[in-house]
Amino acid sequence: MESIKSVINSFKFDGELVRYETFGSGHINTTYMLTFNNGNVTKHYILQKINTNVFKNVDGLMDNVFSVTSYLRDVIDKNGGDKSRETLHFIKTKNDQKYLKLPDGSCYRAYRFVDNSKSYDSVESARVFKKSGIAFGKFQKYLSDFPAHTLYETIPDFHNTISRYNNEFIPAVRSDVCSRASSCSDEIEFIKQRKDDCSKLVNLIKANKLPLRVTHNDTKLNNVIFDNDTNEAICVIDLDTVMPGLALYDFGDSIRFGANTAAEDEKDLSKISLSLEYFEAYTCGFLSQAGDSLNQCELENLAFSAKLMTLECAMRFLTDYLNGDTYFKTAYPQHNLVRAKNQLALVADMERKMPKMEQIVRNYTNN
Ligand code: ADP
Ligand code: GN1
Ligand code: MG
């Protein structure tokens, strides 16, 4: 209690602290919402304890988010948008630092809460999902001229699926430090059978067929903030993994999360399927913004990228389960296994529906 208060006291917030509470449902950072009173005005801020197990170089990470948000403010302004609401505004510490580092190594950063806003943990309508597609497509478009070489790679090989397979998944299966591999042998086998899929996009990068762009890389629906009144998507958040990547990673990861007819950790596998209606809605929204800049190879792999990002995420959840749950936040001991089974059920359904998904993409790209 006292220590969080002294952390809060280290930042340049306006007014008197009224309360703070844990907030949101991200799997990585610890997020608090702060309420301040300044005269008659109530102000909200977000304070986050950065997960330093996941992000090893917080200086590099915070340089990235400061430069990306300041660049976005200019572009939003030039395009007639509201720069105070459409990107994050970080608050520096009283010592004018981009984040606070405590003697025990823990790191905190703060930014303005986007007022009168909400995020969705699941898709409630095709319309909402389409709006998130527009937001992520626009995010990519607005950053298309950002100098990519100035960005620090916050998690190297983040979406290098074959590297995750060879260097994380297989070693975790072999070491089996928690003796859990026997409880998930079917899932391990399912992933092994799809090893070739894991190299496909990486090989296309090597062949110069897929261009690296500045991408978000973590395009879950709850990383977009919506306006409470208009229900319009306002702002893309969670910028920790903004770095050079593929447009396909952003498209595929959104579909993985938002076009699943069930939550990412639903245990009843019969509820899990790929909603073609939601897939179409997102495709339409994303391509309306980013479509013109995508090349033929990108367009041809959009549907596949949804399957690959889902397979990769399943592999990451299963790897974490095998390693003893050291990466993702979990609410109960089998949580990562439940998530992995869920994502693999979605992969299986995407495989059944792949021709239809590909046809939908063609319908939006005149091919
Ligand atoms: P994580 O890396 O743990 O996912 P996020 O930055 O995504 O952390 O924050 C967690 C959640 O907090 C988000 O999904 C969102 O619901 C909420 N949130 C974060 N920042 C804001 C903000 N500026 N305005 C409103 N809600 C926010
Ligand atoms: C994490 O931080 P959050 O909850 O938005 C993870 C993503 C995964 C996602 C699975 C930095 O996203 O890569 O796809 O969980 N973020 C990081 O839900 O690893
Ligand atoms: Mg998040």
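Quantities reported herein were computed from a predicted structural model and do not represent experimental measurements.

Chemist: What am I meant to see in the overall build of the protein here?
Modeler: Regarding its fold elements, the protein presents 11 helices and 11 strands. Here the protein has a C-alpha radius of gyration of 20 Å; the compact-globule value for 367 residues is 21 Å, and the two agree. C-alpha atoms of the protein, sized along the principal axes, occupy 60 × 50 × 40 Å. Of all 367 residues assigned to the protein, the portion counted as buried reaches 55%. Contacts in the protein between residues at least 24 apart in sequence constitute 72% of all its contacts with a sequence separation of at least 6. Of the roughly 16200 Å² of accessible surface on the protein, 45% is carried by carbon and sulfur atoms.

Chemist: What am I meant to see in the site of ligand 2 here?
Modeler: Close to ligand 2 lie 17 residues, the nearest being His27, Lys220, Glu264, Arg316 and Tyr327. The separation between an oxygen atom of ligand 2 and a polar side-chain atom of Asp238 is 3.0 Å. Out of a free accessible area of 440 Å², ligand 2 has 97% covered by protein chains. For the shell around ligand 2, a count of residues per class yields 7 nonpolar, 4 polar and 6 charged.

Chemist: How do you make sense of helix 11 (residues 335-365) when you look at a structure like this?
Modeler: In an α-helix, one turn spans 3.6 residues; hence positions three or four apart end up facing the same way. With 31 residues, helix 11 should cover 45 Å at 1.5 Å per step; its first-to-last C-alpha distance of 39 Å lies more than 12% under that length. Where helix 11 bends most, at Lys353, the angle is about 65°, and the proline Pro355 comes one to four residues later. Downstream of helix 11 by a residue or two, Asn366 has a phi angle that is positive, lying close to 55°.

Chemist: Is there a simple way to think about unusual backbone geometry in this case?
Modeler: Excluding glycine, a negative phi dihedral is what most residues carry, and trans is how most peptide bonds are arranged. Phi at Asp157 takes a positive value of approximately 55°, unusual for a residue other than glycine. Turning to its location among the elements, Asp157 is positioned in the loop between helix 3 (126-142) and helix 4 (161-175). In this model, Asn231 sits at a positive phi of 60°, which is unusual for a non-glycine residue. Classification of Asn231 by relative accessible area gives buried; the value is 16%.

Chemist: I would appreciate a short explanation of the coordination of the magnesium ion (ligand 3) in the present structure.
Modeler: Around a metal, the perfect tetrahedron of four donors has angles of 109.5 degrees, and the perfect octahedron of six donors has angles of 90 or 180 degrees. Bound to the magnesium ion (ligand 3) are the protein donor atoms Asn223 (OD1) and Asp238 (OD), situated 2.2 to 2.3 Å from the metal. Placement of the pair is Asn223 in the loop between strand 8 (213-215) and strand 9 (224-227) and Asp238 in the loop between strand 10 (233-236) and strand 11 (243-245), with a sequence separation of 15 residues. In this structure Asp238 comes out as partly exposed when scored by relative accessible area, which is 24%.

Chemist: Could you clarify how one ought to interpret the packing of aromatic side chains in this entry?
Modeler: Tallied over the entire structure, the rule returns 19 aromatic pairs. Pairing Phe36 with Tyr45 gives two aromatic rings, centres 5.5 Å apart and planes at 90°, and the pair type is edge-to-face. Using a relative accessible area of 4% as the deciding quantity, one classes Tyr45 as buried. Put simply, the rings of Phe129, Phe251, Tyr278, Phe279, Tyr282 and Phe286 pair up and form one aromatic cluster. Positioned above the aromatic ring of Phe66 is the side chain of Lys98, whose terminal nitrogen or guanidinium carbon lies 5.6 Å from the ring centre. A cation over a ring is seen here: Arg194 above Phe190, with NZ or CZ 3.6 Å from the ring centre.

Chemist: Got a minute to help me understand the pairing of strand 3 (residues 41-50) in this structure?
Modeler: When a strand is regular, its side chains alternate between the sheet's two faces. Of the pairings in the sheet, the one linking strand 2 (residues 30-38) to strand 3 comprises 9 bridges and is antiparallel in character. Pairing of Asn38 across the sheet is with Val41, part of strand 3. What sits between strand 2 and strand 3 in their antiparallel hairpin is a turn of 2 residues, with Gly39 showing a positive phi close to 65°. Alignment of strand 3 against strand 6 (residues 107-112), held across 6 bridges, turns out to be antiparallel. Bridge pairing links Ile50 to Cys107 in strand 6.

Chemist: Any chance you could explain the site of ligand 1 here in plain terms?
Modeler: Near ligand 1 lie 21 residues; those nearest to it are Asn29, Gln48, Ser119, Asn222 and Asn223. Gln48 has a polar side-chain atom sitting 2.9 Å from an oxygen atom of ligand 1. The fraction of the free accessible surface of ligand 1 (550 Å²) that becomes covered by protein chains is 96%. Here the residues of the shell around ligand 1 are counted per class, giving 9 nonpolar, 10 polar and 2 charged.

Chemist: So what exactly am I meant to see when it comes to the nonpolar core here?
Modeler: Side chains of a nonpolar character, in soluble globular proteins, are inclined to be buried together. Membership of the largest hydrophobic core comes to 84 residues, with the highest contact counts inside it found for Leu201, Ile255 and Phe279. In terms of nonpolar packing, the next biggest core, distinct from the first, is built from 27 residues, Phe169, Val202, Leu322 and Ala340 among them.

Chemist: Is there a simple way to think about the side chain of Thr69 in this case?
Modeler: Within the element layout of this structure, Thr69 appears in helix 2 (residues 58-78). The exposure class assigned to Thr69 is buried, which follows from its relative accessible area of 1%. Among the polar contacts made by the side chain of Thr69, one reaches the main-chain carbonyl oxygen of Val65 at a distance of 2.7 Å. If sequence neighbours within four positions are ignored, Thr69 has contacts with Thr87, Leu88, Phe90 and Leu239.

Chemist: What should I look at first to understand the sheet that holds strand 7 (residues 117-118) in this one?
Modeler: Backbone-to-backbone hydrogen bonds join strands into a sheet, with any given pair of strands oriented parallel or antiparallel. Read from one edge of the open sheet, 3 strands run 7-9-10, paired in antiparallel fashion. Every other strand in the sheet has two partners, leaving strand 7 and strand 10 as the edge strands with one partner each. Bridge count between strand 9 and strand 10: 3 bridges; the pairing is antiparallel. Bridge pairing in strand 10 places Ile225 opposite Cys235. Contacts from helix 3 reach strand 9 and strand 10, with the element oriented near 120° to strand 9.

Procedures and definitions
- Residues numbered from 1 in each chain as written.
- Chains lettered and ligands numbered in written order.
- Predicted model: local features only at pLDDT ≥ 70, side-chain atom pairs only at ≥ 80, totals over all residues.
- Heavy atoms only, no water.
- Helix = DSSP H or I, 4+ residues; strand = E, 2+ residues; numbered from the N terminus.
- Rg over C-alpha atoms; globule rule 2.2 N^0.38 Å.
- Buried < 20%, exposed > 50% of the residue type's maximum accessible area, 1.4 Å probe, protein only.
- Contact = heavy atoms within 4.5 Å.
- Areas by Shrake-Rupley, 256 points an atom, 1.4 Å probe, with all protein chains shown as cover.
- Near = heavy atom within 4 Å.
- Polar contact = N/O pair within 3.5 Å; in protein donor to acceptor, adjacent residues only side chain to side chain.
- Nonpolar A, V, L, I, M, F, W, Y, C, P; charged D, E, K, R; others polar.
- Expected span 1.5 Å × (residues − 1).
- Bend = angle between axes of the 7 residues up to and from the residue.
- Donors = N, O, S within 2.8 Å, 3.2 Å for Na, K, Ca; no water.
- Phe/Tyr/Trp six-rings, centres within 6.5 Å; stacked < 30°, edge-to-face > 60°.
- Lys NZ or Arg CZ within 6 Å of the ring centre and 35° of its normal.
- Pairing = 2+ DSSP bridges.
- Core = buried A, V, L, I, M, F, W, Y, C linked by side-chain atoms within 4.5 Å.
- Axes fitted to C-alpha atoms, helices over the stretch in contact; angles between N-to-C directions.

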